[in-house]
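Single-letter residue listing:
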Amino acid sequence: RGKRAFIAGIADDNGYGWAIAKSLAAAGAEILVGTWVPALNIFETSLRRGKFDESRVLPDGSLMEITKVYPLDAVFDSLEDVPEDIKTNKRYAGSSKWTVSEVAESVKEDFGSIDILVHSLANGPEVTKPLLETSRRGYLAAISASSYSYVSLLKHFLPIMNPGMYLVSHLIAPCGSSISLTYIASERIIPGYGGGMSSAKAALESDTRVLAFEAGRKQKVRVNTISAGPLRSRAAKAIGFIDMMIDYSIANAPLQRELSADEVGNTAAFLASPLASAITGAVIYVDNGLNAMGVGV
Ligand code: NAD
């Protein structure tokens with residue numbers, strides 16, 4: 001059978017999650033999606049009404065199929081963690097089983113196992129504030145939604161991640177693979193990427209190494225993160241400086257062109273494939289080379 005992927009963090013057709021889903025689907029994978037609970041209704045309605053049909057077209061002309069959409073809120077691990085005001089919130093009360101452990105259980109019940117886990121989500125309520133003006137609450141919220149959410153997802157999905165093996169030029173290689181999305185602000189100063197989001201990405205990258213070790217030894221699963229260049233996604237527009245970052249990249253990167261989400265999607269498909277069988281614990285830059293520049297020229 002083809003591989004099965006669970007992609008957390010798709011709520012429209014503009015972000016990296018959608019592009020990754022398309023590249024994986026084009027490579028023959030079955031697609032399961034985890035969508036943030038407050039965005040679930042509009043995403044499912046738009047999907048059903050054909051609003052995304054144009055962007056569902058795959059290179060062979062067929063339309064990407066999403067086998068199932070699961071409601072997900074990755075800041076909660078189990079029902080006991082959910083505060084009363086969220087439990088009774090109208091948008092949340094309409095769905096059930098959306099904490100990380102419950103979603104993993106549901107996927108196990110529905111499909112038994114997955115091969116590929118993608119984390120394409122981030123949230124920092126104070127992202128527009130400089131770090132010096134960020135509250136403890138805002139900082140911890142950014143880390144919870146953008147970094148620990150990945151630890152939790154991998155922890156709960158790892159037991160159902162396929163430990164199966166591929167034969168790669170006479171060597172046996174593991175086939176389970178996990179990917180997240182990070183940003184250069186973790187290691188270089190990007191003014192405007194505030195609220196502890198730069199800290200959250202630094203944690204995510206460090207965790208990628210530690211999780212690669214632990215998941216590799218435990219389950220032969222590979223763990224990598226893609227450091228992506230700027231994309232005009234919904235989340236990026238909320239930060240407020242995305243057009244400037246895109247212009248800056250076009251002006252200063254070795255490759256003076258706008259980055260396409262598909263290029264990040266294709267890298268994810270490569271990382272999830274046996275072609276990348278020895279790559280784990282890595283930060284892979286997909287940014288037209290901007291990370292390699294010392295000064296803008
Ligand atoms: P996006 O808006 O398409 O994706 C972010 C998703 O996170 C949304 O679907 C949102 O609903 C979801 N989300 C937020 N909080 C959640 C929660 N608690 N539980 C579950 N889902 C939640 O935007 P994107 O820019 O494609 O972001 C995807 C990833 O790419 C993020 O990790 C982001 O930091 C990273 N990234 C983006 C850029 C960029 O320029 N857009 C650059 C580098 C890295």
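Quick caveat: nothing in here was measured; it's all calculated off a predicted structure. (Residues numbered from 1 in each chain as written. Predicted model: local features only at pLDDT ≥ 70, side-chain atom pairs only at ≥ 80, totals over all residues. Heavy atoms only, no water.)

1. Side note on the sheet that holds strand E7 (residues 177-182)
With parallel pairing, seven strands are arranged side by side in an open sheet as E3-E2-E1-E4-E7-E8-E9. Only two strands of the sheet have a single partner each, and these edge strands are strand E3 (66-72) and strand E9 (283-286). If you compare each strand with its neighbour and ignore which way they point, the axes differ by 20° on average. Contacting strand E1 (4-8), strand E2 (30-36) and E3, helix H5 (residues 100-111) crosses the sheet at an angle of about 155° to E3. Of the strands in this sheet, strand E4 (116-119), E7, strand E8 (222-228) and E9 are in contact with helix H10 (residues 261-272), which crosses E8 at around 165°. (Pairing = 2+ DSSP bridges. Helix = DSSP H or I, 4+ residues; strand = E, 2+ residues; numbered from the N terminus. Axes fitted to C-alpha atoms, helices over the stretch in contact; angles between N-to-C directions. Contact = heavy atoms within 4.5 Å.)

2. Focus: the side chain of Asp73
Its place among the elements puts Asp73 in the loop between E3 and helix H3 (84-87). Despite its burial, Asp73 pairs with no opposite charge, the nearest such side chain being Arg91 at 9.2 Å. Looking at Asp73, its side chain comes within polar contact range of the side chain of Trp36, at 3.1 Å. Separated by 3.1 Å, the side chain of Asp73 and the backbone nitrogen of Val75 make a polar contact. Among all residues touching Asp73, those that are not within four sequence positions of it are Trp36, Val37, Tyr92, Trp98, Thr99 and Val100. (Buried < 20%, exposed > 50% of the residue type's maximum accessible area, 1.4 Å probe, protein only. Lys, Arg positive; Asp, Glu negative; His and termini not counted. Salt bridge = Lys/Arg side-chain N within 4 Å of Asp/Glu carboxyl O. Polar contact = N/O pair within 3.5 Å; in protein donor to acceptor, adjacent residues only side chain to side chain.)

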